[in-house]
Amino acid sequence: MQQSTTTVAATDKLPSRVSWGAILSGALVAVVVGAMFNILGVAIGASTVDLAIPGETPEASTFGIAGAAWFLLSNLLGLACGGYVAARLSGTADDTDGVLHGLSVWAIAFLVSGVLLGNVVAGTARGVGSAVSSVASGLGSAAGSLGSAASEAVPEVNPQALTERLQASFQGGGEPAQMTPDQRRAEMARIVGERVTSGELAQPARDRLANLAAAEFGIPPEQAQQRVQELEAEATRVANETERQAREAADAAARSAAIGAYWLFATLLLGAAAAVIGAKIGTRKTILLSANRRYS
């Protein structure tokens, strides 16, 4: 007797109350209805553009706000329809079962929409990449043609002479007045490069730069020193301003990411609510039909 009771308790399971056919049908309805109304919104927005008459076309901000609102309402309406379809096709008369079917429709619909959107973005990126590759190959061919034409037009240059001139330009450390202009400019460029990379300039290097500038431009050493100080102050100011702008850009990007995440969360939450409302309406309809058939 004990064994029989145990066997009955082990095999007494509730039947499965999920209808995947109803869920998939509801998800397809949600995606298609949302896409249909989004296409309608694009058509309405395009019809408001009138370039022939200045001032008749709405501003970009108006377009953005109206487009976002229409997109949200279209998806909410699609999810409500999908939840209703899933609840009705499942044949359930239980509110909890209907809500769970609606939530399943919401999850599948957003996954399908995400996959479709990802494919569109990937296709657009591939198209842009192909266009850029075509332009780059065309520029490369043109550059090769120009190089060939230039090599034919320019007379032969002595490489040894160019090498000696390059070596002479980088030989510094002597008296600025006795150096060639190439040597002075090369050393000034080296000192300025050290200032950019290290962020500061030692006093001997600053004096050397002033002497080189005085010899190169024919000005008194005091005036050259003053100009070097002004240049260094300007470089410091520009570096500080660039750092400040970089920090502001990073803060703005972080705020934009946070706002976008909040809006995405709100959209998902509203979509779930719309699917649940549609499912509850479908469940109530099933209950009413069952009651009418019972009493008829």
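Residues numbered from 1 in each chain as written. Predicted model: local features only at pLDDT ≥ 70, side-chain atom pairs only at ≥ 80, totals over all residues. Heavy atoms only, no water.

With that settled, consider the overall build of the protein. Each helix and strand in the protein was counted, giving eight helices and zero strands. Counting from the amino terminus, helix and strand elements in the protein follow one another as α-α-α-α-α-α-α-α. Within the protein, buried positions represent 21% of all 296 residues. A separation of at least 24 residues holds for 69% of the contacts in the protein among residues at least 6 apart in sequence. Total accessible area on the protein stands at roughly 20200 Å², and carbon and sulfur atoms take up 66% of it. (Helix = DSSP H or I, 4+ residues; strand = E, 2+ residues; numbered from the N terminus. Buried < 20%, exposed > 50% of the residue type's maximum accessible area, 1.4 Å probe, protein only. Contact = heavy atoms within 4.5 Å. Areas by Shrake-Rupley, 256 points an atom, 1.4 Å probe, with all protein chains shown as cover.)

Okay, the nonpolar core next. M179, M188, I191, A205, L209, A210, L212, A213, A214, I219, A224 and V228 together form the largest nonpolar core, which totals 12 residues. Taken together, the elements giving at least two residues each to this core come down to α6 (181–198), α7 (203–217) and α8 (221–295). Broken down by element, the residue count for this core peaks at six residues, all from α7. Counting residues in each nonpolar core, the second largest holds 11 residues, with A27, L79, V105 and A109 among its members. (Core = buried A, V, L, I, M, F, W, Y, C linked by side-chain atoms within 4.5 Å.)

Before going further, it helps to examine the packing of aromatic side chains. According to the stated counting rule, one finds one aromatic pair in the structure shown. Here the aromatic rings of W106 and F110 are separated by 6.2 Å at their centres, their planes lie at 70 degrees, and the arrangement is edge-to-face. Linking W106 with F110, this pair stays in helix α4 (residues 95–153), spanning four residues, or about one helical turn. (Phe/Tyr/Trp six-rings, centres within 6.5 Å; stacked < 30°, edge-to-face > 60°.)

Note on pairing: side chains with opposite charge can pair once their charged atoms come close. On inspection of all chains with the given rule, the structure shows four salt bridges. Across the pair R247 and E243 runs a salt bridge whose closest N-O atoms are separated by 3.2 Å. On the criterion of helical spacing, the pair formed by R247 and E243 is a turn pair, its members being four residues apart in helix α8. Among the salt bridges present, the one from E248 reaches R244, with a minimum N-O distance of 2.4 Å. Of this pair, E248 and R244 both sit in helix α8, separated by four residues, roughly a single helical turn. On the basis of relative accessible area, E248 is assigned to the partly exposed category, the value being 42%. Several salt bridges share partner residues, and in doing so they unite E241, R244 and E248 into one network. (Salt bridge = Lys/Arg side-chain N within 4 Å of Asp/Glu carboxyl O.)

Look at helix α2 (residues 20–47) against helix α3 (residues 60–90): their axes get within 7 Å of each other, and the N-to-C directions meet at 155 degrees. By the angle between their directions, the pair α2 and α3 is classed as roughly antiparallel. Pair α2 / α3 crosses with right-handed handedness. For the contact of α2 with α3, the residue count by class is 17 nonpolar, 11 polar and no charged. (Axes fitted to C-alpha atoms, helices over the stretch in contact; angles between N-to-C directions. Parallel < 35°, antiparallel > 145°, perpendicular 65-115°, else oblique. Left-handed = near helix turned anticlockwise from the far one by under 90°. Nonpolar A, V, L, I, M, F, W, Y, C, P; charged D, E, K, R; others polar.)

This paragraph deals with the environment of A109. Of note, A109 is situated in helix α4. Judged by relative accessible area, A109 falls into the buried class, the value being 4%. Considered as a pair, A109 and V31 are 78 residues apart in the sequence and their alpha carbons are 5.9 Å apart. Residues within four places of A109 in sequence aside, it is in contact with A27, A30, V31 and L79.

All right, on to the environment of A215 then. Summarising the element assignment, A215 is placed in helix α7. A relative accessible area of 30% places A215 in the partly exposed class. Expressed as a C-alpha distance, the spacing of A215 and E175, which sit 40 residues apart in the sequence, is 9.3 Å.

Across the protein, pLDDT averages 77, with 74% of residues at or above 70. Across residues 1–11, where pLDDT falls below 50, the model places zero contacts with residues more than four positions away in sequence or in other chains. (pLDDT = per-residue confidence, 0-100.)

Our focus in this paragraph is a nonpolar patch on the surface. Residues L40, I44 and W70 make up a contiguous nonpolar surface patch of roughly 250 Å² in combined accessible area. Here L40 lies in helix α2. (Patch = residues over 30% accessible without salt bridge, like charges linked within 9 Å, V, L, I, M, F, W, Y side chains within 5 Å.)

All right, on to the layout of surface pockets then. Considering only enclosed or pocket space, the largest pocket measures out at about 720 Å³ in volume. Taken together, 24 residues make up the lining of the largest pocket; nearest its centre are N38, F71, N75, F110 and S113. Sorting the residues of the lining of the largest pocket by element identifies α2, α3, α4 and α8 as the ones contributing at least two each. Per-element accounting of the lining of the largest pocket gives the leading share, eight residues, to α3. For the lining of the largest pocket, the residue count by class is 16 nonpolar, eight polar and no charged. (1 Å grid on protein atoms, 1.4 Å probe; cavity = no way out; pocket = protein on both sides within 12 Å on 5 of 7 lines; lining within 4 Å. Points joined across faces, edges and corners; volume = space filled by probe spheres on them.)

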